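Results of the structural survey
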Amino acid sequence: MKRAWMLFLFAFVICMGMPVVSYASGESTPPEGIKLKDVLKVPQGANSSVTEAENQDIAEITANKKNQVGAIWNLDGYKMDLTKNFKMSMYLNFGNKGKRAADGAAFVMQADPNKNDAFRTGDSARLGVWDSLSYKKFGLAIKHSFAVEFDTHYDSKFDSMLVKDRNHIAWGYPDQEETYKDEWSLLGSSRSLIHGDPVFPNGDYLSDGKWHLFTVNWDADLSQLTYKFDNLRDVHVPIDVLKTFGTRQVYWGFTGATGTQFSESRAIFEELPGRIEGETTERVFDTRSKKPVDEGDVYADEMLTYEIDTSYFTGQDDWKNIILKKRLNEFVSHVAGSLRLVGEDGEETSLDESYFEDNQLQVPLGDLKQDGAKKKIRFEVRSHQVPEDHTVTEEATSVGENLITHSSPVTYTIKSNVAPVVKLRNSGGIVDIENLGVQKPQILGGWTDPDSDWINLYYKIDDGELQKLERQENNPKNVNHNFSIDLNSENLKLGVHQMMVYAVDKEGAKSNVDKLVLVVRGTLKFAELPNFKFELSEIPMDKSTMIRAKFAEKMAILDTRGEGSGWNLKARLKEPLASKEGHQIDQFYYLDETGVAHQLEQDNLIQIRSGKTADSPLQSLEWGEKAGLGIELSPANYSGEYSGTVEWVLEDTPA
């Protein structure tokens, strides 16, 4: 009555919806498992059963009773195909009897003539699969079989070749005579089992009340079986398939037995051979750099992007009613509003934040069809400040009715040191630079660091060499410190450049990477302008007279805009000729190389010259003997000292 009451309580807790996320081997609470309806069969007479529950179906190989013999096999549609690779994953529980437990169970692959009705009774030490315990007696074993036994009770004869009183896990071929050692002496005959590559549990006993992970992998090319129990070493077994089974299509399942000492043997399955092939993969990236952080360092207040794929490869059925489950480590927090589903085209769709609760994620993915389908989930977390370095492990689990897969662990270390933060004044913006500017352009910014004594600042332009500034002292700490970077614009080609800046503190923590765009523009300007001076002239008495002023100095243009550029030189009268007394002379002219006069006006620019960018950035403009400026004096003008201003204009034009 007590046992029935405990089962009722457990079922009640499940109905209340307690979250079960990634399960660790060695826990006492039953892990989640797949549905076993239409998968397993119990032969007539065997003391085995399948119990259905909400979060897992449990295959009970033997009950917690005396003199039980169990067998449970796959149905015909779920045989092992030994021409193909496959894997199995399950959890095993052998009760909680310790040294009083007996006798255990065996994982069996077989091609017995009775197929999935194969069943053997007899001595409990045989676990329902091995041959007779008697000297030179054969014929009682499961035929054409291979077995991995989980022996919870040391038998002084059958296990005499092993360490006394130790539980063990070992393999063998039950119906092959070389699996047994028969000895005869005057004191009597005996038979012992030759245990293949025995391993021993971490504790004293397999019957410890805990669920233990057991995985099986088959490599068809190598014809090799590899199994693993908990965190014990891998065991590799080469198997001659045709010699052992006589066929490449075999049944699989469990047998077990109890005697006068007893304990239950149970199994919960996650993945069955050949039924569905799928996987869960998890990756963690630095959100800014997009680089993976696996086995790397992360600093406080860093943003990380988690990406989890649930992928279906092939199988006999759809992968049904999948829920992606994950528990975040305690040193990071989910960034609200960041949970999204990523389509095959990369398009992201926001998901309901209720799927995240107390750093636990449970997202229903529905069914994945038999067409190589995939579901990708992405979200961000932010790391916490920690008093000392912490290495964390992240895993995710895709739980379906007929397949459960776990991602490989992703580990990273959250460092107690806080990384600096760098901020450019024009962060993300554009900075214009003249390539032959008089002053070197300065890039300004600031940085903060709460705990290091100093930092080094680095910058790089495009794919150029990384440049390092002088060390920046962090005194006082946790305040903004300004910096400036002097650029040599002459070393930058015309066009658009990407500039990045970051800092590394004394402890090696790297800051964010801040960026801006540099646009280097060519220069078009006067390098030299000539002066003009008119000599002292008399006002004519009867008719107008043109007086001339030649270019006393050369005119030069600085043009660094590159091939394909052109220019126009124009002029206008900016300030008319006027005397101190307020008299004006309106007839002011530019004289071209042929001597033709073009009147300068205040409102209009007149064309003087045009040209193209030359190989040399400095172009000197040559003028003919007749070129210059001219003033037309008339008898109506007043005498006096006159001055005025001519404005010369360079226009940037297409070549």
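Preceding block: the structure.
None of these values were measured; they are calculated from a predicted model.

**Re the sheet that holds strand β30 (residues 404-406)**
Strands sit in the order β25-β26-β21-β29-β30 across an open sheet of five strands; the sheet is antiparallel. The sheet terminates laterally at β25 (356-357) and β30, the two strands that pair on one side only. In terms of strand pairing, strand β29 (residues 396-399) meets β30 through three bridges, oriented antiparallel. Looking at the pairing, Ser 398 lines up with Thr 405 of β30.

**Structural notes on the sheet that holds strand β28 (residues 390-394)**
Pairing within the open sheet is mixed, and its three strands lie in the order β19-β31-β28. Each having just a single partner strand, β19 (297-298) and β28 make up the two edges of the open sheet. As paired strands, β19 and strand β31 (residues 410-414) are joined by two bridges and run parallel to one another. Within the sheet, the bridge partner assigned to Val 298 lies in β31 and is Ile 414.

**Some points on the pattern of salt bridges**
Across all of its chains, the model carries 30 salt bridges by this definition. Between Asp 117 and Lys 41 there is a salt bridge, with the nearest N and O atoms lying 2.8 Å from each other. Within this pair, whereas Asp 117 is found in the loop between β7 (104-110) and β8 (145-151), its partner Lys 41 is found in strand β1 (residues 40-41), the two being separated by 76 residues in sequence. Since its relative accessible area comes to 40%, Asp 117 is described here as partly exposed.

**Quick notes on the pairing of β29**
Within a regular strand, side chains alternate between the sheet's two faces. The alternating pattern of β29 places Ala 396 and Ser 398 and Thr 397 and Val 399 on opposite faces, both of which are buried. The sheet contact formed by strand β21 (residues 319-327) and β29 spans four bridges and is antiparallel. Bridging from a neighbouring strand, Lys 325 pairs with Thr 397 of β29.

**Some words on a negative patch on the surface**
The grouping of Glu 344, Asp 345, Glu 347 and Asp 371 at the surface amounts to a negative patch. Along the chain, Asp 371 falls in the loop between β26 (360-368) and β27 (374-383). Asp 371 sits in the exposed class, given a relative accessible area of 57%.

**Remarks on the environment of Lys 37**
Along the chain, the position of Lys 37 falls in the loop between α1 (2-15) and β1. By relative accessible area, which is 58% here, Lys 37 ends up exposed. When sequence neighbours within four positions are dropped, the list of residues in contact with Lys 37 reads Glu 52 and Asp 57.

**Here's the deal with unusual backbone geometry**
The peptide bond linking Ala 102 to Asp 103 adopts the cis configuration, its omega dihedral lying at -5°. Its place among the elements puts Asp 103 in the loop between β6 (86-93) and β7. Here the amide bond leading from Asn 475 into Pro 476 is cis, since omega sits at 5°, within 30 degrees of zero. Inspection of the secondary structure puts Pro 476 in the loop between β37 (472-473) and β38 (481-486). Despite not being glycine, Lys 136 shows a phi value in the positive range, around 60°. Within the secondary structure layout, Lys 136 lies in the loop between β7 and β8.

**Quick notes on the side chain of Arg 609**
Residue position: Arg 609 is located in strand β48 (residues 606-612). Look at Arg 609 and you get buried, because its relative accessible area is 19%. Reaching out from Arg 609, the side chain makes a polar contact with the backbone oxygen of Glu 622 at a distance of 2.4 Å. Look past the residues within four positions of Arg 609 in its chain and what remains in contact with it is Trp 567, Asn 568, Leu 569, Glu 593, Leu 621, Glu 622 and Trp 623.

Thresholds, definitions, all that
- Residues numbered from 1 in each chain as written.
- Predicted model: local features only at pLDDT ≥ 70, side-chain atom pairs only at ≥ 80, totals over all residues.
- Heavy atoms only, no water.
- Pairing = 2+ DSSP bridges.
- Helix = DSSP H or I, 4+ residues; strand = E, 2+ residues; numbered from the N terminus.
- Salt bridge = Lys/Arg side-chain N within 4 Å of Asp/Glu carboxyl O.
- Buried < 20%, exposed > 50% of the residue type's maximum accessible area, 1.4 Å probe, protein only.
- Patch = residues over 30% accessible without salt bridge, like charges linked within 9 Å, V, L, I, M, F, W, Y side chains within 5 Å.
- Areas by Shrake-Rupley, 256 points an atom, 1.4 Å probe, with all protein chains shown as cover.
- Lys, Arg positive; Asp, Glu negative; His and termini not counted.
- Charge placed at Lys NZ, Arg CZ, Asp CG, Glu CD.
- Contact = heavy atoms within 4.5 Å.
- Polar contact = N/O pair within 3.5 Å; in protein donor to acceptor, adjacent residues only side chain to side chain.

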